[in-house]
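# Examination of the molecular architecture
The residues making up each chain are set out below.
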Amino acid sequence: MIRFIVSVSSPFGALADRVRPTTLLGVGLVLLVLSDVVFALWADVWGIGLGILLWGLHLGATQGVLSMLVAKTTDADWRATGFGLFNLASGMSLLVAGAAAGVLWDLAGPGASFGFVAVFALVALAWLATGVRSVKRLEEEG
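Residues numbered from 1 in each chain as written. Predicted model: local features only at pLDDT ≥ 70, side-chain atom pairs only at ≥ 80, totals over all residues. Heavy atoms only, no water.

To continue, consider the overall build of the protein. On a plain count of helices and strands, the protein comes out with five helices and zero strands. Residues classed as buried in the protein amount to 25% of the 142 residues present. Long-range pairs, those at least 24 residues apart, make up 63% of the contacts in the protein with a sequence separation of at least 6. When the accessible area of the protein is evaluated, it comes to approximately 9300 Å², of which 72% is carbon and sulfur surface. (Helix = DSSP H or I, 4+ residues; strand = E, 2+ residues; numbered from the N terminus. Buried < 20%, exposed > 50% of the residue type's maximum accessible area, 1.4 Å probe, protein only. Contact = heavy atoms within 4.5 Å. Areas by Shrake-Rupley, 256 points an atom, 1.4 Å probe, with all protein chains shown as cover.)

Under the criterion given, the structure shown has three aromatic pairs. On the numbers, 5.8 Å between centres and 65 degrees between planes, the contact of Trp105 with Phe114 is edge-to-face. Connected via pairs of aromatic rings, a cluster forms that spans Phe39, Trp105 and Phe114. (Phe/Tyr/Trp six-rings, centres within 6.5 Å; stacked < 30°, edge-to-face > 60°.)

Glancing now at the environment of Ser7. The residue Ser7 is located in helix 1 (residues 2-16) in this model. On a C-alpha basis, the gap between Ser7 and Gly56 in space is 9.9 Å, while along the polypeptide they are 49 residues apart.

Where helix 3 (residues 45-73) meets helix 4 (residues 79-108), the axes come as close as 9 Å, and the angle between the chain directions of the two elements is 140 degrees. On the basis of their axis angle, the class for helix 3 and helix 4 is oblique. The element helix 3 and its partner helix 4 pack so that their crossing is right-handed. In this structure, helix 3 contributes Leu66, Ser67, Val70 and Ala71 to the contact, and helix 4 contributes Arg79, Gly82, Phe83 and Phe86. Residue composition of the contact of helix 3 with helix 4, grouped by class: five nonpolar, two polar and one charged. (Axes fitted to C-alpha atoms, helices over the stretch in contact; angles between N-to-C directions. Parallel < 35°, antiparallel > 145°, perpendicular 65-115°, else oblique. Left-handed = near helix turned anticlockwise from the far one by under 90°. Nonpolar A, V, L, I, M, F, W, Y, C, P; charged D, E, K, R; others polar.)

Dropping the structure here:
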């Protein structure tokens, strides 16, 4: 899986040099939603394989962009601290999300767990789209 993520990260990285970072984050969130829907509804070997493929594409589309955003938005003197805080926040979020997904899995099954994550990713996508409009509006006004 790591080799797959690395192999798709390079094309997404090249694309990130030509499009807005928020566009790639949006594509990554769509891939995450699709992956979670596949995992929630298609529980045979083909569904699991497709879900893993989509999830790997999601990681390839988003992880490099997130690192680039941390690097670009953090002052050079504080860049290591910025990456440390980003990774701390990411790790804590993954811990909480994993625990919540585990509880939901135990209470309602894997479909509910993946379905909740898909809904959460759709909310993040809507938030990203709203933020993009706000940034465009500020750029036009400024």
